[in-house]
Amino acid sequence: MANPDENSSLFLIFILTMLALPLVPYTILRLVRSVTEKKKTIHCRCSECAHSGKYRKSIFKRISNFSTCTNLTILLLWVVMVILIYYIKLLSRESQPFEPFSILGLEPGASESEIKKSYRRLSVLYHPDKNPDPEAHKYFVEFIAKAYQALTDPVSRENYEKYGHPDGRQGFQMGIALPQFLLNIDGASGGILLLGIVGICILLPLMIAVIYLSRSSKYTGNYVMHHTLYTYFNCIKPSLAPNKVMEVFIKAQEYMEMPVLRTDEEPLQKLFVAVRSELNLDMKNIRTEQAKFWKQHPPLVKMELLIQAHLTRESLDLPPALLKDYKHMLELAPRLLEELMKMAVLPRNAHGHGWLRPAIGVMELSQSIIQAVPLSARKSVGANSEGSAAFLQLPHFNESTIKKISRKKIRTFQEFREMSASDRAELLTQTVGLSPAESQDVGLVLEMIPTVTVEVTCETEGEEGIQEGDVVTMYAWVSVHRANGLTGAHPHAPYFPFQKEENFWLLLADSTANSVWLSQKVSFMDEATAITAASKAIQDTKEALGATVKEINLAVREAIEKVKSGSRLIMGKFQAPGEGTYALTSYCLCDTWIGCDTKSNVKLKVMKRSRAGTRSAYALEEGPVATVAEEGIEEEEEEEEEDLDDYESEYSEDEEEEEKNSKKGKGKAVNGSVNRKGETQSESDGSGTEE
């Protein structure tokens, strides 16, 4: 066995190794990500956003951004590693191998006279008669005297030259990477060792598993409680009006767990008076409605009042107690709204369609929360059918500003955006009364607002036309253009205290039936991911159609250029309904900006089933279903009484029929390619071939 000091150093080396194995690669990975990933600092430059402090890079904000739990844990572990390295190095110095020449300060091979001279010199410094220090006495006896003996005594010197030690060959030493007190196997140390083994090998993994399972059973991958999803699923109804979505949104379990203190009653009463007009109360029976409102569950009352305070921009007067809950409520809002949107478009009916009306309501609520615009501002007023909500998201705008603009026959937000910069600046400075700096802020925000265009194509891959039961593939190119040339950016949202990326939702829906056939979330922030996804989708599609390598590469290059120019490819599949012509609508809804949503018409023509051997999506899941021609059916009836060999030959005839059909060539029909204004770009009716 090794001596105690060596065992202690081995234990420290073991701990250092176990720390370094996960810590070093993880730290390198985080550093590489921080260097390679582009920081999403493309945000609004107007004065209101600058004064909000949301994007201000002060020293305190940098420290707060760095001082996350993960970063502090990594820093602490690195400090522990540095301390361990220093202590191990210190122990290694104390347990250095026996080197008599180094101890006496001589070069290897020194003469006997030099050895004696050096010994006398060191004796003056460390001999007990000359130096009363106990450490000096210990060093003289254990090192200097022993080194002198090893170099002057013939036997000791021979042993040293042969075996590296004056006492001759040393036995094999083996150390254990455990602290010394655990190696003294008596009653107490044995129990400590047993407890350590049980704790590290059994209790620690069990505790980690229990914590992980308890958290995963409570939260989803988006850090939303399962109870919240259950509530949203049951509360979402197909006829849910947009102005009623708020009532469902505030029922999230995260909001229900927020405490309502007695000290909150008075501020909430004042807040109720300030936002009463936005609570959809019947003013004719205001006392009854008010009493009914306060009889609700207290967290529901608190959350609705806080959200309305945010929408009406009354949050500046909140007391500190409510301000904390107010910020926490807004921090949770984006991911709760995303989950609420998923519940709205979740397939519910027999055809696997979601609901359009509540989905639009969720997006309108999300836009209002990000821009701090009341829902009542969306109502049409006079000649303005769009309401004033889109104008109120602009800096320095209020109701009086909108009235002054409407007198100049600028009644819609789109008309205001399409004005030239000089005409708009003249209108804002002379008619509205804004300063040149404020007018410039308005121009900066208008340059940030995206213009969205959508091109949708529906087809059955490798077939001519779309027939009943076909698996239809939707290809949609969603493009974003801004006046300032950016593709992805943070929205103008000075009243929302957290950074929020803009996202879009593409819906292929039947507005008449209130059904969503397909839905997909779209983001323009990560270009590299979009290029990879579009390239893979185009390559897989072309390979399935039997295209050549040159054609595939050309299609992939075109897709990459589209993505780099500000487009995103969205693909989805759905089963073709029964025969008929369907007037669908593609919606592209933004969750942050008001007034940039687009919709366009998509005409989908489905023909009667005429292709043999084609399987529907449901048939593929349930099992193989073969459709044969009339000759095959007659042969099947004749062969019902024959043996198994004849029964198997029926499928060989079906395969021959399918081979004949495949030789006729593959084609595809474009059923709808539309632009943003809803104009049909191309339409191919197609025709089936009856066998």
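Residues numbered from 1 in each chain as written. Predicted model: local features only at pLDDT ≥ 70, side-chain atom pairs only at ≥ 80, totals over all residues. Heavy atoms only, no water.

### Quick notes on the overall build of the protein chain
- Helices and strands together make up the secondary structure of the protein chain, namely 28 helices and 10 strands.
- Going through the 691 residues of the protein chain one by one, you find that 39% of them count as buried.
- Surface accessibility of the protein chain: about 39,500 Å² in total, with carbon and sulfur atoms responsible for 55%. (Helix = DSSP H or I, 4+ residues; strand = E, 2+ residues; numbered from the N terminus. Buried < 20%, exposed > 50% of the residue type's maximum accessible area, 1.4 Å probe, protein only. Areas by Shrake-Rupley, 256 points an atom, 1.4 Å probe, with all protein chains shown as cover.)

### Some points on the packing of aromatic side chains
- Summed over the entire model, instances satisfying the criterion amount to 15 aromatic pairs.
- A centroid spacing of 5.9 Å and a plane angle of 65 degrees characterise the contact between Phe 397 and Phe 416, whose relative ring orientation is edge-to-face. On the criterion of sequence distance, the pair formed by Phe 397 in the loop between α19 (389-392) and α20 (399-406) and Phe 416 in helix α21 (residues 413-417) is long-range, its members being 19 residues apart. Comparing Phe 397 with Phe 416 shows no difference in burial state: the two are buried.
- Between Phe 496 and Phe 498 the ring centres are 6.1 Å apart and the planes differ by 70 degrees, which places this aromatic pair in the edge-to-face class. (Phe/Tyr/Trp six-rings, centres within 6.5 Å; stacked < 30°, edge-to-face > 60°.)

### Points about the UniProt feature "transmembrane region" (unreviewed entry) in the protein chain
- When the UniProt feature table is mapped onto this chain, "transmembrane region" (unreviewed entry) is found at residues 12-32, 66-88 and 192-213.
- Along residues 12-32 the backbone is 100% helical and 0% strand, and the end-to-end C-alpha distance reaches 29 Å. (UniProt positions renumbered as here; feature names shortened; annotations may be inferred.)

### Thoughts on the sheet that holds strand β3 (residues 471-481)
- Sheet architecture is open: three strands sit in the order β2-β3-β6, paired in antiparallel fashion. Either end of the sheet is taken by a strand with one partner, and the two such strands are β2 (451-459) and β6 (567-575). With strand direction ignored, the average angle separating the axes of adjacent strands in the sheet is 20 degrees.
- The pairing of β2 with β3 spans nine bridges and is classified as antiparallel. Residue pairing for β3: Glu 455 is matched across the bridge by Trp 477.
- In this fold helix α24 (residues 527-544) packs onto β3 and β6, with an angle of close to 45 degrees to the strand it touches most, β6. (Pairing = 2+ DSSP bridges. Axes fitted to C-alpha atoms, helices over the stretch in contact; angles between N-to-C directions. Contact = heavy atoms within 4.5 Å.)

### A short note on the pairing of strand β4 (residues 503-510)
- With eight of eight residues buried, β4 lies mostly within the body of the structure.
- Here β4 shows a buried face lined by Asn 503, Trp 505, Leu 507 and Ala 509 and a second buried face lined by Phe 504, Leu 506, Leu 508 and Asp 510.
- Sheet analysis places β4 next to strand β5 (residues 515-523), joined by eight bridges and oriented antiparallel. By the bridge assignment, Asp 510 is partnered in β5 with Ser 515.
- In this antiparallel pair of consecutive strands, β4 and β5, the connection spans four residues, and Asn 514 shows a positive phi of 55 degrees.
- Looking at chain direction, β4 and strand β7 (residues 580-590) are connected through six bridges and run antiparallel. Of the residues in β7, the one forming a bridge with Leu 508 is Ser 586.

### Re helix α11 (residues 226-235)
- Turning to α11, its buried residues number three or more, namely Thr 228, Leu 229, Thr 231 and Tyr 232. Projection of α11 onto a plane perpendicular to its axis shows the buried side chains occupying an angular sector of 160 degrees, all on one side.
- On its buried face, α11 sits against α12 (245-249), α13 (253-256) and α17 (320-345). (Arc of directions from axis to C-beta.)

### As for the pattern of salt bridges
- Considering all chains together, one arrives at 12 salt bridges under this definition.
- For the salt bridge of Lys 342 with Glu 338, the shortest nitrogen-to-oxygen distance reads 3.7 Å. One end of the pair, Lys 342, and the other, Glu 338, are both in helix α17, four residues apart, so they sit about a helical turn from each other.
- For Lys 342, a relative accessible area of 33% gives the class partly exposed. (Salt bridge = Lys/Arg side-chain N within 4 Å of Asp/Glu carboxyl O.)

### Some thoughts on the state of the cysteines
- Scanning all chains against the criterion turns up zero disulfides.
- Among the cysteines around Cys 588, which has no disulfide bond, Cys 596 carries the closest sulfur, lying 7.9 Å off. (Disulfide = S-S within 2.5 Å.)

### Considerations on the nonpolar core
- Ranked by internal contacts, the top residues of the largest apolar core, which has 59 residues, are Phe 249, Tyr 255, Leu 305, Met 329, Ile 369 and Leu 507.
- Sorting elements by how many residues they give to this core places α17 first, with 13 residues.
- Contacts of Phe 249, omitting those with residues within four sequence positions, involve Tyr 232, Tyr 255, Ile 307, Ala 333, Leu 336, Leu 337, Leu 340, Leu 365 and Ile 369.
- Counting residues in hydrophobic clusters, the runner-up holds 56 residues, among them Cys 49, Ala 390, Leu 508 and Phe 574. (Core = buried A, V, L, I, M, F, W, Y, C linked by side-chain atoms within 4.5 Å.)

### Focus on the confidence of the model for the protein chain
- Averaged over every residue, the pLDDT of the protein chain is 79; residues scoring 70 or more account for 77%.
- Within the model, pLDDT remains below 50 along residues 613-691, and this stretch shows 105 contacts once partners closer than five positions in the same chain are excluded. (pLDDT = per-residue confidence, 0-100.)

### Quick word on the environment of Leu 306
- Within the secondary structure, Leu 306 is located in helix α16 (residues 298-311).
- Given the relative accessible area of 0%, Leu 306 is considered buried.
- Sequence separation between Leu 306 and Met 329 is 23 residues, and the spatial gap between their C-alpha atoms is 8.2 Å.
- Apart from residues lying up to four places away in sequence, Leu 306 is in contact with Leu 271, Leu 318, Leu 322, Asp 325, Tyr 326 and Met 329.

### As for the side chain of Asp 441
- Position of Asp 441 relative to the elements: it lies in helix α23 (residues 436-448).
- Summary of buried charges: Asp 441 has no salt-bridge partner, and the nearest side chain of opposite charge, Arg 45, is 11 Å away.
- Among residues more than four places away in sequence, those in contact with Asp 441 are Cys 46, Ser 47, Pro 395 and His 396. (Lys, Arg positive; Asp, Glu negative; His and termini not counted.)

### Some points on helix α7 (residues 134-152)
- A rise of 1.5 Å per residue sets the reference length of α7, with its 19 residues, at 27 Å; its end C-alpha atoms lie 26 Å apart and thus fit the reference within 8%.
- Phe 140 marks the point of greatest bend in α7, at about 40 degrees.
- If you check which residues of α7 are buried, you get Ala 136, Phe 140, Ile 144, Ala 147, Ala 150 and Leu 151. (Expected span 1.5 Å × (residues − 1). Bend = angle between axes of the 7 residues up to and from the residue.)

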